[in-house]
Structure formats: C-alpha cells, structure tokens
Amino acid sequence: LLWLASPTGLVRFDGLQLEPFRPPEDQAGPTNSVSTLFAAPGGAGLWIGYRFGGVGLWRAGRLRHFGPEEGLPVGTVLAFAAARDASIWAGTTTGLARFDGTRWVSAAALGYPAVSTFALLVDQHDTLWAVAEDGTWRLPRGASRFERSSRSRSEGWLSLRGDGHVWVANGTQGIWALPEADAPPPRLARIPGPGNIGPLLFDRDGALWVGAQDGVLRIADPDHFPSMDPGGEPQVPQESRFTRADGLSGNAVLAEFEDREG
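Throughout what follows, the structure given in this document is the object of discussion. Source: prediction; values computed, not measured. (Residues numbered from 1 in each chain as written. Predicted model: local features only at pLDDT ≥ 70, side-chain atom pairs only at ≥ 80, totals over all residues. Heavy atoms only, no water.)

## Things to note about the overall build of the protein chain
For clarity, the threshold we go by: Numbering of helices and strands runs from the N terminus; a helix is a DSSP stretch of H or I covering at least four residues, while a strand is a stretch of E covering at least two. Burial status follows relative accessibility: with a 1.4 Å probe on protein chains alone, a residue under 20% of its type maximum counts as buried, one over 50% as exposed, and anything between as partly exposed. Throughout, a contact is declared for two residues whenever any of their heavy atoms are within 4.5 Å. Accessible surface is estimated by sampling points in the Shrake-Rupley manner with a 1.4 Å probe; for residues, cover comes only from the protein chains shown.
Of regular secondary structure, the protein chain possesses 0 helices and 24 strands. Expressed as a percentage of the 262 residues in the protein chain, the buried residues total 47%. Here the analysis covers contacts within the protein chain between residues at least 6 apart in sequence; of these, 43% occur between residues at least 24 apart. Summing over all exposed atoms, the protein chain offers an accessible surface of approximately 13,600 Å²; the carbon and sulfur share of this is 50%.

## A short note on the sheet that holds strand S11 (residues 104-106)
Just so we agree on the cut-off: Strands are labelled as partners when DSSP assigns at least two bridges between them. A fitted line through C-alpha atoms serves as each axis, taken over the contacting stretch for helices, and the angle formed by two N-to-C directions is quoted from 0 to 180°.
Pairing is antiparallel across the open sheet formed by 4 strands, whose spatial order is S8-S9-S10-S11. A strand with exactly one partner marks an edge of an open sheet, and here the two such strands are strand S8 (77-82) and S11. Ignoring strand direction, the axes of neighbouring strands in this sheet form an average angle of 25°. One ladder, built from 3 bridges, connects strand S10 (residues 95-99) with S11; its direction is antiparallel. Bridging across to S11, Phe99 finds its partner in Trp104.

## Things to note about the pairing of strand S1 (residues 2-6)
On a regular strand, one side chain projects to one face of the sheet and the next to the other, so that they alternate. Relative to strand S2 (residues 9-13), S1 is paired through 5 bridges, and the arrangement is antiparallel. Its bridge partner being in S2, Leu4 is matched across the sheet by Val11.

## Points about the packing of aromatic side chains
For clarity, the threshold we go by: Put simply, two rings from Phe, Tyr or Trp (the six-membered ring, in Trp's case) pair if the centres are within 6.5 Å, and we call them stacked under 30 degrees between planes, edge-to-face over 60, tilted for the rest.
Per the counting criterion, the structure on display carries 15 aromatic pairs. Aromatic pair Trp3 and Phe21: ring centres 5.3 Å apart, planes at 75°, arrangement edge-to-face. Taken together, the residues Trp3 in strand S1 and Phe21 in the loop between strand S3 (18-20) and strand S4 (34-39) connect sequence positions 18 residues apart. Across the pair, Phe21 and Trp3 agree in class, each one buried. Centroid distance Trp89 to Phe146: 6.1 Å. Interplanar angle 90°. Geometry classified as edge-to-face. You can see Trp89 sitting in strand S9 (residues 88-92) and its partner Phe146 sitting in the loop between strand S14 (135-139) and strand S15 (147-150), a full 57 residues away along the chain. Residue class for Trp89 comes out buried when judged on its relative accessible area of 6%.

## Some words on the sheet that holds S2
Working definition: the strands of a sheet are paired by backbone hydrogen bonds and lie parallel or antiparallel to each other. Pairing in this open sheet of 3 strands is antiparallel, and the strands run S1-S2-S3 from one edge to the other. Only two strands of the sheet have a single partner each, and these edge strands are S1 and S3. Across this sheet, the average inter-strand angle for adjacent strands is 30°, counted without regard to direction.

## Quick notes on the pairing of strand S21 (residues 208-212)
Counting buried residues in S21 gives 4 out of 5 residues, a clear majority hidden from the surface. Relative to S21, strand S20 (residues 197-202) runs antiparallel, the two being bridged by 4 bridges. Within the sheet, the bridge partner assigned to Ile197 lies in S21 and is Ala212. Hairpin remark: S20 followed by S21, antiparallel, with 5 residues in the connecting loop; positive phi at Gly206, about 90°.

## Observations regarding the nonpolar core
Rules: Definition used in this section: a nonpolar core is a set of buried Ala, Val, Leu, Ile, Met, Phe, Trp, Tyr and Cys residues joined via side-chain atoms within 4.5 Å.
Counting 16 residues, the largest nonpolar core has Trp89, Leu96, Ala107, Tyr112, Leu120, Leu128 and Phe146 as the members making the most contacts within it. The set of elements that each furnish at least two residues to this core consists of S8, strand S12 (117-122), strand S13 (128-132) and S14. A per-element tally of this core places S13 first, with 3 residues. If we skip the residues at most four places from it in the chain, Leu128 touches Ala81, Trp89, Leu96, Leu120, Leu121, Val122, Trp137, Arg138, Leu139 and Phe146. Core analysis: the second largest hydrophobic core is formed by 15 residues, Trp47, Phe66, Ala82 and Ala97 among them.

Right under this line is the structure:
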C-alpha cells in the first residue's frame, strides 16, 4: 500500500487505483494539508505531519493527534525518523522532538537549536542526523548531546548510501558525504544548470538521483562524479538529466521514492 500526501489530504494507492483517505468523523485531523509522511518500521503505524502544525498517527484503524499540548514544537512538520528502539523523532519549523510513547520531548535539552529542521535520518549505527537552519547535526547512539557535523546551512536533504555513509544535499552549496567531525567538506560536488539542488536518493543499484528545480539528474557513479571548489561547472552527460521534455510532469522535483520493485 502506497500513501501520498498532498495539500488537500491523503491518498492511498493499492497498486490498481487511488482512493482518498477518509478517517472516522470523530478522528478528523486539524487540517487536510499534509506536509510529510513516515511509515514506521514493522508496521507500527503511519505518521502524518501537517502543514499548519500537529502530527497524526494512523494505526489499527484509529487516527490519533498530537500538538503543542503534548509537547510537539509548533509549526509545519517537515520530517520524521525512527531510531532502533522504535522511538520517533519529528522536526518542525521551530525545533525537534522525540516521542516517548505518550508525549513529545524537546531536543533543546540535548543541545539542539530551536530552528527549522528540514531533514532527518537514522543510519545503520543508530546515529540520528538532522539538517537544521544553522547546520547539520548528529546524535550518536547513547550520546547525551547533539554534535554539529557540517557547515551545511539552509534547506537540505539526507540520503543513506548502501555503504552506510550519509550524504547531504544543500540547495546552495552542493552535495557531499558527511564528515566524521565538525569540519567543512574539502570539495563540493556541484550540479550545473539553473535551480537549487533538491532531494537525494541512492537507488538499489548504487546510482544517485538528484532532484532540482530544472529536472532530475542520475549519477551512475557518485564516486567519480566531478567534484570541485564552489564556482566550478562539471560537464554532466545530457542523457543523465531528465526534464519535462523527457516525460516528467514538471521540472521542479520535490520528492523521490523507490518502491519494492525498484
């Protein structure tokens, strides 16, 4: 079952047809405008982030809601992630919080800034990575405080490569594998053409897909993709870039997803 989020509500796709999601009347959400979705591992429910604030959890035929009264930071919900212990993290335009099973607990006490959190990811070592307004942060498993891990600023995206390395895309700075310490990456991969860099996706074959305002780029061999100092312009083969002329519904790519069939 595939779920799609939109400004006008949720849609389910069963492989044959699309069907608008209608929760029980007494469980309707605060708004129909959904900003992000996250399917918890092990079938532990579907987490729904709302554009005007608040979180919903659809599980076992019941839609449960959370807001500031339950400790959730106010603002648009932009990202979710699940740790190995099944705890859920949510990033909003005003901060980051962890769900303890009953309430949301702010990450401020762990040294995390009260700013917009654009992307979250938990890697194979159970380290939580977060792209925030003032940098990229990480919380290693068992650590008591977040560490700044990259100079990346403003909106960004995260993707986990098959070798276990986490890569980040920053709309204005480039793409790189995150460093192991708080140091700027020595060289940045830059994408030529107009428009900021958008979402990242490593597919099961190891190719890197990069969304942008002017289409999507497929990098078959990320290790040998031209990297250079800011301002450089590598030559990307035309057959690796896809735009509306190649069948996309539009040039601005906002999300990427690989299904079970690849």
